[in-house]
Structures are given as C-alpha cells and as structure tokens.
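# A structural walkthrough
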Amino acid sequence: MTKLAIRRALISVYDKTCLEELARGLRGAGVEIVSTGTTAARIAQAGVPVTAVEDLTGFPECLDGRVKTLHPGVHAGLLADLGNPGHRAQIEDLGIEPFGLLVSNLYPFEAAVASGAGPGECVEQIDIGGPAMVRAAAKNHASVAVVTDPAAYPELLAAVRAGGFTLEARRRLAAAAFAHTAAYDTAVSSWFASVYAPDETARDTGWPAVAGAQWRRRQVLRYGENPHQRAALYESPGGAGVAQARQLHGKEMSYNNYVDADAAWRAAWDFAPPCVAIIKHTNPCGIAIGADIAEAHRKAHACDPLSAFGGIIAANRPVTEALASQIAEILTEVVVAPAFEEAALDVLTARKNLRLLRCAPPAGGPAVEWRPVTGGMLMQSADRIDAPGDDPAGWELRAGSPAGAGVLADLAFAWRACRAVKSNAIVLAAGGATVGIGMGQVNRVDSARLAASRAGERARGAVAASDAYFPFPDGLEALAGAGVRAVVEPGGSIRDGAVIASADAAGISLYFTGTRHFFH
C-alpha cells in the first residue's frame, strides 16, 4: 500500500516523555517541526530547530495558554485533504502549509481529579486545543498521521525513516486517537455531572445524571460461558485487578476462568491473615485462614474436597513451595496470587495446563459496581466488610450465653466468608475454616440443610453465619439439629421473636449484626 511521506509535523504535548529523542529523530529524517509553548522550548533546548506556533499563525499565545493552536493556520493545515484539488488550491491561496503528522497528548485531567485537586484546578486541566487538534488530524487520516502515546514514538520514527505510514496504519492511529479523546471526554463529562454541576437528584443521592466509562480490549477469548458464545476481556485504564493479572503459565484463560478467578480473589482478600479461597461457578468450595498460606489451603480444601476438584484457587499471600506441592496433587484450573516463589513455580509449571496468574494486591477495590440489565445498567456502591454491623464488638446477643473468644472469632470468620457466597447463603465454620456451605438456594432452610449436610459430623460444635435474616425458625432449627452452637445473622424479620425463642430452646448463642450481605 502506498505510503505518505511526512515532511512537516506539529508537536504539542503535555507528557514530554522522550520528547527530545522524538524531535531529534524527526529532524534527522528531514521533517520540519512546528511546536507550542513549553514543548517548543524543550525541543529548542535539545538543539533541534523548531518553529513556534505563534510565528506560524502571527498571533501570540494568550489567556495563560488557553489559546495557542485554535487558529486557521493550524487547523487548515491539519484538515486539508490533500487528495482534494479544491483543498490544495485553497490552502495555497491562503499561504497555509499542510501537516503530515500531529503528535499530541492532553492535559492530565484524570490525574488532577485523582490527586484530590479542587474543582477550579480540575477545570483548568480540561484541554480544549489538544482534543480539537487530535480529532482534526484523526478525521483527516487520509492525509495526516496522528500519535497520542509516547510509547508509539519508536514505531513513528521507524515509519518516518521508511517513507511514512500506509493508509492502513494511519487509520489504526486515528482509531487510537479517537479512543483517546473519547476516554478523556467521558472522564470530564462524568466528573462534571457528579462533582462540579450535579443536578438536584445527584446532590441528594450522590448518583450523577450522566455516567460513562471506557474499557480497552486486552484479549479475545476462545469463547464465552458456552462454546457458542463469543467473548473478550477488556480492562479499565488505570485499573488493578484480575483483568490486569499477568499469566505466568498454562493454557489460555477462558471467560469462566476469569469470572471464577475474580470471585476467588475477592474472597481471599476479605481477610487479613493468610487466606485461601477455592471457587467453583463463583461459589466457594472452601475458605480458610491459617498460620501460613499452606495451612490455609489445607483447611479450605478439607471443607469440600469433592467440589474443589477442578476449582480455582486464590491466595492472599505468595505461593510457597509447600502450598504448590499441595496444589499439585489436586486437579486445579487456575491459581491466582500476588506472587509465586521460584521453587513453587518449579512445582506448578510441571502441570502443563495449570494456569498461574500473578495479580497485584487490591488497592481498596472499586467504589462502584456496574451490572448490565436489558436496556441499561445498574450501579451500586461495592459491598465490603466495613459496615458498623461487621464488627463483632457491635453485635447484639439475642439468645443464649455470650460466646467465648474462640467461638466469637469463628463467628467473625463465618460472617466475613458469608459475603462471598451467593444468596441465600449459610456458612458453617470452625477453627478459622468453612466446614459446610449452603448457597444459591431459593429458600433459606434449604441452604441451612445443604450446609449442614456438607459439613456432616463437622457441624457439631461449629458456628454458622446467615447473610440475611431467617424468615422462619425452620432454618435455625435445621442448624441446631446438626449441632451448631452459635449463629450470627442480620436480624430484622417480623418473626425474629420466634427465631430467638428457637435459639434459646436449643441453647444456641444468637447474635444480630443489623447488616445484610446479599450477593446475587
């Protein structure tokens, strides 16, 4: 495909990473450089000839730099379609020379917001001339190449030295440029609607009238939940989580692998001590804490070894050789952890298909969760174990004797583990580990029976947590019949009195939290 040689470039960048190297490379390839403000000054300091934009336009930069490039001498040079004889004739009559290249990136608006800057300072970081130039060059990609990312400078210089970009390459660059300005505008509009100019409802509720986000495709997956469904992984720019994890070994991750790995990762990091969560179909087969990560895994696996077969394992500590040796004995699809010891990698990479993900520890997690529904989406603040009712010190004893320190610690563990279980959720625990889990049932008594049946004899003397209140005494009675000694639940049912009476009759210590943790 015919290349378009680059003879004249306009450079206007806030992020001046590798600017001098870029300017020297362009000049060395015979490209004339026009630039703005501090960008032009840096280029000149590097000893590279440069024409200041005010010398081009005959008009000085003004209004503290708000107006630099908003001039026909700039935009006609970016927008002239050189394949159009009329455009060529007009710019010749006007004495305007066309540009073959624009290198530009924008004011750091998102960084200003993230820094906690005040509204006035954030407004000053709303770029006007930059997006206008980028969009102009991207629209006119038939005649102009546009680069917005310093990481692309080596490719840019290689293309210039090789005779320019092909039309296909210019289209690709234009697509990246439009994505760049779209993400920028989305960030500005969302912030403006929520912080700087909220409507009455937004002021009252905290939910903006307009919400937007952008995700970038990271990987095309083999298929979705089922083989007949297409799927891809997208990541949020600046995000930190399973979508950004680095795969160290194993088969390509699937859609279901990512869904389950995320569920396991969230569950493991609900705990401060060494913790392992084993997940199948987004529900835990076992969660446990231990003196070290290998002990945590042994305890988690013992909860339900049958279901753990082919599961996803997440650890909130680096994987040690001891843990790796335990995992190697069990068919496992994915292991996700913040790090892997070299000896652990030696053990686990012997399993050809085992996927190993290294994922940075969560930095607080997203404040808001999005969920698509037909025709739109739902947004909610993320459910975390940080409500007043999540602290055992604030629980209300409603039946039985006060629990001793060991029993109370198991109740606190069960309550935290309960957040990771799909509703209706019942978790039985002992010794810092789940011993029986009932999840996803359409009534709570079935969940209680399922948890008790999975625990078997381990239910005797264990504790239980329920993610929501018992609507009838039958669920608690099922736990009492299995030998559970203490229960924690939110309370709030119109039949709380009957549930309390059943707990008293069974000699069960019953605590109310006042907080619910539904997980649909």
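First, a word on what this report is: a plain description of the structure on this page.

Criteria and cut-off values
- Residues numbered from 1 in each chain as written.
- Predicted model: local features only at pLDDT ≥ 70, side-chain atom pairs only at ≥ 80, totals over all residues.
- Heavy atoms only, no water.
- Buried < 20%, exposed > 50% of the residue type's maximum accessible area, 1.4 Å probe, protein only.
- Helix = DSSP H or I, 4+ residues; strand = E, 2+ residues; numbered from the N terminus.
- Arc of directions from axis to C-beta.
- Contact = heavy atoms within 4.5 Å.
- Core = buried A, V, L, I, M, F, W, Y, C linked by side-chain atoms within 4.5 Å.
- Phe/Tyr/Trp six-rings, centres within 6.5 Å; stacked < 30°, edge-to-face > 60°.
- Lys NZ or Arg CZ within 6 Å of the ring centre and 35° of its normal.
- Salt bridge = Lys/Arg side-chain N within 4 Å of Asp/Glu carboxyl O.

## Details of helix H20 (residues 496-506)
Considered for burial, the residues of H20 that qualify are Asp496, Val499, Ile500, Ser502 and Ala503. Looking straight down H20, one finds that the buried residues subtend no more than 160° of arc, so they occupy a single side. In H20, those exposed residues whose orientation departs by more than 90 degrees from the buried face are Gly497 and Ala505. Of the surrounding secondary structure, the elements contacted by the buried residues of H20 are strand E18 (396-399), helix H19 (473-482), strand E22 (486-489) and strand E23 (509-512).

## Considering the nonpolar core
Of all hydrophobic cores here, the largest spans 48 residues; its most connected members are Phe271, Ile287, Leu411, Phe413, Val463 and Val488. Those residues in contact with Val488, other than ones at most four positions away along the chain, are Trp395, Leu411, Trp415, Ala464, Ala465, Ser466, Tyr511 and Thr513.

## Comments concerning the packing of aromatic side chains
Applying the stated rule across the entire model yields five aromatic pairs. Consider the rings of Trp395 and Tyr511, whose centres lie 6.1 Å apart with planes at 55°: the pair is tilted. One end of the pair, Trp395, is in the loop between strand E17 (376-381) and E18; the other, Tyr511, is in strand E23, with 116 residues separating them in the sequence. With relative accessibility at 8%, the residue Trp395 sits in the buried group. The ring of Tyr14 carries the charged tip of Lys16 above its face, separated from the ring centre by 5.9 Å.

## Some remarks on the side chain of Asn257
Mapped onto the fold, Asn257 is located in helix H12 (residues 255-268). Apart from the residues within four sequence positions on either side, Asn257 is in contact with Glu252, Ile312, Glu333, Val334 and Arg355.

## What to know about the pattern of salt bridges
Counted according to the given criterion, the structure contains 10 salt bridges. Its salt-bridge partner being Arg42, residue Glu20 comes within 2.8 Å of it at the nearest N-O pair. With Glu20 in helix H1 (residues 19-28) and Arg42 in helix H2 (residues 37-45), this pair connects stretches of sequence that are 22 residues apart. A salt bridge links Asp270 to Arg419; its shortest N-O distance comes to 2.6 Å. With Asp270 in the loop between H12 and strand E11 (275-280) and Arg419 in the loop between helix H17 (405-418) and strand E19 (426-430), the pair connects residues that are 149 residues apart, well separated along the chain. Accessibility assignment for this pair places Asp270 and Arg419 in one class, buried.

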